[in-house]
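# Residue-level structural notes
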Amino acid sequence: MTDLKASIRHVPDFPKPGILFYDITTLLQDPAGLRAAVDGLATPFLGQGIDLVVGIESRGFIFGSAVADRIGAGFALVRKPGKLPSSTIKATYDLEYGSDTLEMHDDAVKKGQRVLIVDDLLATGGTARAAAGLVKRLGGELHALAFLIELVALDGRKQLGGEHVHTVLNY
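Now for a look at the structure at hand. Here the structure is a predicted model, which is why all the values come from computation and not from measurement.

## Side note on the overall build of the protein chain
Looking only at helices and strands, one finds 5 helices and 9 strands in the protein chain. Its C-alpha atoms give the protein chain a radius of gyration of 15 Å, near enough to 16 Å, the size a compact globule of 171 residues would have. Counting only C-alpha atoms, the protein chain reaches 40 × 40 × 30 Å along its principal axes. When each of the 171 residues of the protein chain is scored for burial, the buried share is 45%. With an accessible surface of roughly 8600 Å², the protein chain has 51% of that area assigned to carbon and sulfur atoms.

So, in structure tokens, the structure goes:
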């Protein structure tokens, strides 16, 4: 997976001083890199009976829909407030400086469906925990969460309370 890391641009001081941003747009532009990233996310879940992949806005849409196609599952969205056109449920979660909210259609997950949540990055874990909570509130069985990148020092797995977490790249 070292080749994947070489395909990700590092942008210092973005979005604010002291932050090193891992820009996946360069990886997405590389057909072989994109294929390898999707393979890394999808392969552990082939034949696992996943019914639905849930992608978290917005880069989770890119990887999640590709993973869903690869493993033969449906796809559902978790979005920021006001972006979904039908009835939704909400989850509010804490950030380092304040809080944020995510929404999901209230009919996106059927009771008993085996669900895989996919996103590009696991950092502090708040966003992923909120998405997992939405899936469970709708009666979904959370099989696992999969991320392209994990920022290990931020200990986001701790927020996920022992859920199965798969990551492709660790920083």
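After that view, the rundown keeps rolling.
## Focus on helix α4 (residues 59–71)
For α4, built from 13 residues, the straight-helix expectation of 18 Å at 1.5 Å per residue is met to within 8% by its first-to-last C-alpha distance of 18 Å. Those residues of α4 that sit buried are Gly 60, Phe 61, Phe 63, Gly 64, Val 67, Ala 68 and Ile 71. On its buried face, α4 sits against α2 (25–28), α3 (31–42), β3 (52–56), β4 (74–78), β7 (114–122) and β8 (141–150).

## Side note on the layout of surface pockets
In this model, the largest pocket occupies a volume close to 1400 Å³. Contributing to the lining of the largest pocket are 39 residues, with Leu 121, Ala 123, Thr 124, Thr 127 and Leu 151 lying nearest its centre. Every element with two or more residues in the lining of the largest pocket is listed here: β2 (20–23), β5 (88–95), β6 (98–105), β7, α5 (126–137) and β8. In terms of residue class, the lining of the largest pocket is built from 22 nonpolar, 7 polar and 10 charged.

## Some remarks on the sheet that holds strand β9 (residues 165–170)
Ordered in space as β4-β3-β7-β8-β9, the 5 strands form an open sheet in which the pairing is parallel. At either margin of the open sheet sits one strand with a lone partner, and together these are β4 and β9. Taken over all neighbouring pairs, the strand axes of this sheet differ in orientation by 20° on average, direction set aside. Looking at chain direction, β3 and β4 are connected through 5 bridges and run parallel. Among the inter-strand pairings, Val 53 is bridged to a residue of β4, identified as Phe 75.

## Here we look at the pattern of salt bridges
Pairing of side chains with opposite charge becomes possible as their charged atoms draw close. By the definition in use, this model includes 8 salt bridges. Across the salt bridge formed by Asp 39 and Arg 70, the nearest N and O atoms sit 2.1 Å from each other. One end of the pair, Asp 39, is in helix α3; the other, Arg 70, is in helix α4, with 31 residues separating them in the sequence. On the basis of relative accessibility, which here comes to 32%, the residue Asp 39 falls in the partly exposed class. With a closest N to O distance of 3.9 Å, Lys 158 and Asp 155 form a salt bridge. Taking relative accessible area as the criterion, Asp 155 reaches 40% and is therefore assigned partly exposed.

## Thoughts on the side chain of Arg 79
Within the secondary structure, Arg 79 sits in the loop between β4 and β5. A polar contact of 2.9 Å, which involves the side chain of Arg 79, links it to the side chain of Glu 57.

## Here we look at the packing of aromatic side chains
Taken as a whole and judged by the stated rule, the model has 2 aromatic pairs. A centroid spacing of 5.2 Å and a plane angle of 80° characterise the contact between Phe 14 and Phe 21, whose relative ring orientation is edge-to-face. When the ring centre of Tyr 171 is taken as reference, the NZ or CZ atom of Lys 5 above it lies at 4.6 Å.

About the thresholds
- Residues numbered from 1 in each chain as written.
- Predicted model: local features only at pLDDT ≥ 70, side-chain atom pairs only at ≥ 80, totals over all residues.
- Heavy atoms only, no water.
- Helix = DSSP H or I, 4+ residues; strand = E, 2+ residues; numbered from the N terminus.
- Rg over C-alpha atoms; globule rule 2.2 N^0.38 Å.
- Buried < 20%, exposed > 50% of the residue type's maximum accessible area, 1.4 Å probe, protein only.
- Areas by Shrake-Rupley, 256 points an atom, 1.4 Å probe, with all protein chains shown as cover.
- Expected span 1.5 Å × (residues − 1).
- Contact = heavy atoms within 4.5 Å.
- 1 Å grid on protein atoms, 1.4 Å probe; cavity = no way out; pocket = protein on both sides within 12 Å on 5 of 7 lines; lining within 4 Å.
- Points joined across faces, edges and corners; volume = space filled by probe spheres on them.
- Nonpolar A, V, L, I, M, F, W, Y, C, P; charged D, E, K, R; others polar.
- Pairing = 2+ DSSP bridges.
- Axes fitted to C-alpha atoms, helices over the stretch in contact; angles between N-to-C directions.
- Salt bridge = Lys/Arg side-chain N within 4 Å of Asp/Glu carboxyl O.
- Polar contact = N/O pair within 3.5 Å; in protein donor to acceptor, adjacent residues only side chain to side chain.
- Phe/Tyr/Trp six-rings, centres within 6.5 Å; stacked < 30°, edge-to-face > 60°.
- Lys NZ or Arg CZ within 6 Å of the ring centre and 35° of its normal.

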